[in-house]
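# A structural walkthrough
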Amino acid sequence: VRGDVARARAARLRDVGAAALDSFQRARIGQTARVLVEKDGIGLCEHYLAVVARGGAPEGALLTLRLTGLDDGRLVGEPA
């Protein structure tokens, strides 16, 4: 496969992947999620999506958050 074709295919795959992630994240808005906070109030939920805990949270905290939106590609959660 020529280099320009491979680059175009790779770009298309990245675009499709980004659209699928966005759709998956948006489908979670309005639901609750368990989030393990890792650093700076940001953690991962059970779907391995990044979630920002509004109001912050200490590292290692396990929170139940209502997912309220997206900010900079991460879900935003507030205490449920």
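The text that follows walks through the structure, step by step, so that each part is easy to find. All values reported here derive from a predicted model rather than from experimental measurement. (Residues numbered from 1 in each chain as written. Predicted model: local features only at pLDDT ≥ 70, side-chain atom pairs only at ≥ 80, totals over all residues. Heavy atoms only, no water.)

### Description of the overall build of the protein chain
Within the protein chain, the secondary structure is distributed over one helix and five strands. Reading the helices (α) and strands (β) of the protein chain from amino to carboxyl end gives α-β-β-β-β-β. For the protein chain, whose C-alpha radius of gyration is 16 Å, the value lies well above the compact-globule estimate of 12 Å for 80 residues. Counting all 80 residues of the protein chain, 25% fall into the buried class. Of the contacts formed within the protein chain by residues at least 6 apart in sequence, a portion of 44% connects residues at least 24 apart. Averaging the locations of the 12 positively and 10 negatively charged side chains of the protein chain gives two centres separated by 7 Å. (Helix = DSSP H or I, 4+ residues; strand = E, 2+ residues; numbered from the N terminus. Rg over C-alpha atoms; globule rule 2.2 N^0.38 Å. Buried < 20%, exposed > 50% of the residue type's maximum accessible area, 1.4 Å probe, protein only. Contact = heavy atoms within 4.5 Å. Lys, Arg positive; Asp, Glu negative; His and termini not counted. Charge placed at Lys NZ, Arg CZ, Asp CG, Glu CD.)

### Some remarks on the sheet that holds strand E1 (residues 32–39)
The strand order around the closed barrel formed by five strands is E1-E2-E3-E5-E4, and the pairing between neighbours is mixed. Put simply, the sheet's adjacent strands are angled 55° from each other on average, direction ignored. Relative to strand E3 (residues 50–53), strand E2 (residues 42–45) runs antiparallel, the two sharing three bridges. By the bridge assignment for E3, Ile42 is matched with Val52. On top of the sheet, helix H1 (residues 3–28) reaches strand E4 (62–71) and strand E5 (74–79); it is set at about 120° to E4, its chief contact. (Pairing = 2+ DSSP bridges. Axes fitted to C-alpha atoms, helices over the stretch in contact; angles between N-to-C directions.)

By themselves these figures say nothing about function.
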